[in-house]
Amino acid sequence: MAGLPGPSGAGAHIRGYKATLLGLGALTALLAGCAQQKAEPAPPPPRIAQCEGLTGLALADGKVEAATSVAAGKIVTPDEGKIGLPAPAAFCRVQARLTPTPSSSIRVEVWLPEAGAWNGKLLGAGNGGFGSNMQVPSLVMRGGVAKGYAAVGSDMGHVGKSDVDASWAPGQPEKVRDYGWRANHLAAATAKRVIAAYYPAPLDASYFHGCSDGGREALMEAQRFPDDYDAILAGAPAIPWARLATAMAMNDRAVFGNPDSALPNAKLPLLQKAALARCDARDGVTDGVIDDPRSCDFDPGVLTCKAGDQPDCLTPAQVAAVRALYRGPVDGRGKSFYPGYLPGMEATQGAWDLWLTGPGAQHGKFSTEFFRHFVHGDPNWTTKDFRLDSDFAKAQAMQGEINADDPNLKPFFAKGGKLILYHGYGDAAIPPQNTIDYYQRVLKTSGTRAAGSVRLFMMPGVSHCLAGPGPNVFDGVGALDEWHRGGPAPDRLTATKFDNDYLGFLGLPAKTVRTRPLCAYPQVARWTGGGSTDDAANFTCTDPSTQP
Ligand SMILES: [Ca+2]
């Protein structure tokens, strides 16, 4: 394992996965345009058995710039200057550049396991935040290659300082389209052409996995390009972007709009402790996790200071801010604008501190970047300038390129497509209720095939996409694969809590702390009453109305 970054190095590498996995979000007017973008099927290229021989391969919208054999264990650095990770197996690293329009420049990588190790399938990987690099997709691709998948990812067609940077967008409508929907669609086509050129056997199946913005990208593929993938795994989808970004600006104002309402990190444990004291045991297991925090009737008003501001209580302004975060933003008539966040994980590292309340919290950063560069074209705009009516209307006007909340998945389901959605109940970036709402709209809108084609797994105690006190690492792609190959729709998956969830996610050495079933919504996991509560075997998936 020479050269393997230690846990802290890998943790640093992955922090982007938590910090920046956000996404943009609906379009109908562009569908006709999308259809026009579809290239005519190209004849299969002549087969090239040598990896390096793929260099220069012509693609519909570009070419392969480099193809390099990578030995197992060699450190692969997807982005110059960033930390790399060891290759889990030998593969051929194909680097392509696509230029579907004169102002486009989409970097695509396809990672091809050796022919004898290839499982015949393709795994597409989503990005985080505003894209702009290969960091997040490379993690998913790495996991795919470890299991024999050919894998593909892209930088979504632009280079940014980080995936919280949208300063590349003004004056670049084609780059916004590349980010919004085109890059992943063309990446899928690129991967399929490279696969046809390299392997003697034909492609058997293709899947896509993304979380946060990657979840939005996953749904974009299901909604607009139903032929790209056979089955899709969408985590914590960032939809619809205009509403989400607006809600983020409102959440930022709820906390930072008044100097008295800002909530120091040191006070977050007061909230978590009080919420757990009220609701943790109700699910039958006192484990530091509220199984369905939507049912927890915790009011932060019980923590109100008797007088002044003390470290062990909240000021009335802080109580008001926390209530606003739980409730979610409301419009001028008091009507819910977007869902709120749920009690029980306020003090979890990487949850409220990172997203909602800490210095430089991501809600403020993402909403500022979104409104500055996608909406107003004003690099000086701040959330202090935010006005709900005018800003939301302007945001909606541009969201057609990036939004992916169309619940009509009939074409995807009609061809046999399968969709698994997942979302952590402790997510402080994108509210979990938003995904439950989307799932229910899909069932209502997508016809009789929907019930047999989509599953939702809500994850108790799980933060944004990954980590948290609840079991959070699970084999979603494996579940897609079994389902696509004719198995029954998944109703129960097993998730693991590791001592280091990032290492566990990457398949690197980590210690299992606890396993627990994830149950297809609306079912919940209930302890049978015997055996360890740290072992998934002692839980059943059951109707939530049954008493623990
Ligand atoms: Ca519990």
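Residues numbered from 1 in each chain as written. Predicted model: local features only at pLDDT ≥ 70, side-chain atom pairs only at ≥ 80, totals over all residues. Heavy atoms only, no water.

**Re the overall build of the chain**
Right, so step 1: Along the backbone of the chain there are 15 helices and 16 strands.
Right, so step 2: Over its C-alpha trace the chain gives a radius of gyration of 23 Å, about what one expects of a compact globule, namely 24 Å for 548 residues.
Right, so step 3: Over its C-alpha atoms, taken along the principal directions, the chain stretches across nearly 75 × 60 × 50 Å.
Right, so step 4: Scored against the burial criterion, the 548 residues of the chain give a buried share of 60%.
Right, so step 5: Roughly 20,400 Å² of accessible area belongs to the chain as shown, and the carbon and sulfur atoms make up 53% of that amount.
Right, so step 6: Averaged over its 52 positive side-chain charges, the chain has a centre that lies 1 Å from the centre of its 53 negative ones. (Helix = DSSP H or I, 4+ residues; strand = E, 2+ residues; numbered from the N terminus. Rg over C-alpha atoms; globule rule 2.2 N^0.38 Å. Buried < 20%, exposed > 50% of the residue type's maximum accessible area, 1.4 Å probe, protein only. Areas by Shrake-Rupley, 256 points an atom, 1.4 Å probe, with all protein chains shown as cover. Lys, Arg positive; Asp, Glu negative; His and termini not counted. Charge placed at Lys NZ, Arg CZ, Asp CG, Glu CD.)

**Focus: the state of the cysteines**
Right, so step 1: Inspection of the entire model under this criterion finds five disulfides.
Right, so step 2: Shown here is the disulfide that connects Cys51 with Cys92, its sulfur atoms set 2.0 Å apart. Because the torsion about its S-S bond is 80°, the bridge between Cys51 and Cys92 counts as right-handed. Residue Cys51 is found in the loop between helix 2 (31-37) and strand 1 (58-59), and its partner Cys92 is found in strand 5 (residues 91-98); the two are separated by 41 residues along the sequence.
Right, so step 3: When its relative accessible area of 4% is taken as the criterion, Cys51 is described as buried. (Disulfide = S-S within 2.5 Å.)

**Thoughts on the nonpolar core**
Right, so step 1: Counting 113 residues, the largest nonpolar core has Leu54, Leu112, Leu271, Trp352, Phe370, Phe374 and Leu419 as the members making the most contacts within it.
Right, so step 2: With 40 residues, the next largest nonpolar core counts Phe457, Leu466, Ala467 and Ala479 among its residues. (Core = buried A, V, L, I, M, F, W, Y, C linked by side-chain atoms within 4.5 Å.)

**Focus: the environment of Glu482**
Right, so step 1: Here Glu482 is to be found in helix 14 (residues 476-484).
Right, so step 2: With relative accessibility at 54%, the residue Glu482 sits in the exposed group.
Right, so step 3: Separated by 207 residues in sequence, Glu482 and Ala275 place their C-alpha atoms 38 Å apart.

**Considering the packing of aromatic side chains**
Right, so step 1: Within the structure shown, the criterion is met by 26 aromatic pairs.
Right, so step 2: Seen in terms of ring centroids, Phe130 and Phe374 are 5.6 Å apart; in terms of plane orientation they differ by 35°. Their pairing is tilted. A residue pair is termed long-range when its members are at least 10 positions apart, and Phe130 in the loop between strand 7 (121-125) and helix 3 (135-146) and Phe374 in helix 10 (residues 362-376) qualify at 244 residues. Across the pair, exposure class does not vary: Phe130 and Phe374 are buried alike.
Right, so step 3: Aromatic side chains Phe370 and Phe371 sit 5.5 Å apart centroid to centroid with 80° between the ring planes, which places their arrangement in the edge-to-face category. Judged on exposure class, the residue Phe370 and its partner Phe371 are both buried.
Right, so step 4: Through pairs of rings, three or more aromatic residues link up here, namely Phe130, Trp168, Tyr179, Trp241, Trp355, Phe366, Phe370, Phe371, Phe374, Trp381 and Phe386.
Right, so step 5: For Arg216, the ring lying beneath its charged end belongs to Tyr179, and the centroid distance is 4.7 Å.
Right, so step 6: When the ring centre of Phe337 is taken as origin, the NZ or CZ atom of Arg243, which lies over that ring, is 4.6 Å away. (Phe/Tyr/Trp six-rings, centres within 6.5 Å; stacked < 30°, edge-to-face > 60°. Lys NZ or Arg CZ within 6 Å of the ring centre and 35° of its normal.)

**Considering the pattern of salt bridges**
Right, so step 1: For the structure shown, the criterion picks out 26 salt bridges.
Right, so step 2: For the salt bridge of Arg485 with Asp481, the shortest nitrogen-to-oxygen distance reads 3.2 Å.
Right, so step 3: By relative accessible area, Asp481 is classed as buried at 9%.
Right, so step 4: Shared partners join several salt bridges into a network, and the residues in it are Glu174, Arg177, Asp178, Arg182 and Glu401. (Salt bridge = Lys/Arg side-chain N within 4 Å of Asp/Glu carboxyl O.)

**Some thoughts on the coordination of the calcium ion**
Metal coordination angles in their ideal form are 109.5 degrees for the four-donor tetrahedron and 90 or 180 degrees for the six-donor octahedron.
Right, so step 1: Taken together, Asp280 (O), Asp280 (OD), Asp283 (OD), Asp283 (OD), Val285 (O), Asp287 (OD) and Val289 (O) make up the protein donors of the calcium ion, found 2.3 to 2.6 Å from the metal.
Right, so step 2: Under the relative-accessibility criterion, Val285 is labelled buried at 6%. (Donors = N, O, S within 2.8 Å, 3.2 Å for Na, K, Ca; no water.)

**Some thoughts on the packing of helix 6 (residues 241-256) against helix 8 (residues 316-327)**
Right, so step 1: It is at 8 Å that the axes of helix 6 and helix 8 come closest, and there the two elements cross at 160°. The angle between the axes of helix 6 and helix 8 places the two elements in the roughly antiparallel class. Our pair here, helix 6 against helix 8, has a crossing hand that is left-handed. Taking contact as the criterion, the partners of Asn251, Ala254 and Val255 in helix 6 are, on helix 8, Ala321, Ala324 and Leu325.
Right, so step 2: Its residues assigned to classes, the contact of helix 6 with helix 8 shows five nonpolar, one polar and no charged. (Axes fitted to C-alpha atoms, helices over the stretch in contact; angles between N-to-C directions. Parallel < 35°, antiparallel > 145°, perpendicular 65-115°, else oblique. Left-handed = near helix turned anticlockwise from the far one by under 90°. Contact = heavy atoms within 4.5 Å. Nonpolar A, V, L, I, M, F, W, Y, C, P; charged D, E, K, R; others polar.)

**As for the environment of Asp543**
Right, so step 1: You can see Asp543 is positioned in the segment after strand 16 (539-542).
Right, so step 2: Considering only alpha carbons, one finds Asp543 and Ala254, 289 residues apart in sequence, at a separation of 36 Å.
Right, so step 3: Not counting the four nearest positions on each side in its chain, Asp543 is found in contact with Gln523, Val524 and Arg526.

**Description of the pairing of strand 13 (residues 492-498)**
Right, so step 1: Of all seven residues that make up strand 13, five are buried, and the element is covered over most of its length.
Right, so step 2: Bridge analysis of strand 13 against strand 14 (residues 512-519) gives seven bridges, and the strand direction is antiparallel. The partner of Ala495 across the bridge, within strand 14, is Arg516. (Pairing = 2+ DSSP bridges.)

**Quick word on the confidence of the model for the chain**
Right, so step 1: Mean pLDDT over the chain stands at 92; residues scoring 70 or higher make up 92%.
Right, so step 2: For the stretch residues 1-39, pLDDT sits under 50, and the model shows 120 contacts to residues farther than four places along the chain or on other chains. (pLDDT = per-residue confidence, 0-100.)

**Some details on unusual backbone geometry**
Right, so step 1: At the junction of Ile239 and Pro240, the peptide bond is cis and its omega measures out at -25° in the coordinates.
Right, so step 2: By the secondary structure assignment, Pro240 is in the loop between strand 10 (231-235) and helix 6.
Right, so step 3: A cis amide bond links Tyr521 with the next residue in sequence, Pro522, at an omega value of 10°.
Right, so step 4: You can see Pro522 is positioned in the loop between strand 14 and strand 15 (524-527).
Right, so step 5: Phi at Ser212 is positive, roughly 70°, even though this residue is not glycine.
Right, so step 6: Examined against the element boundaries, Ser212 turns out to sit in the loop between strand 9 (205-211) and helix 5 (213-224).
Right, so step 7: A relative accessible area of 0% places Ser212 in the buried class.

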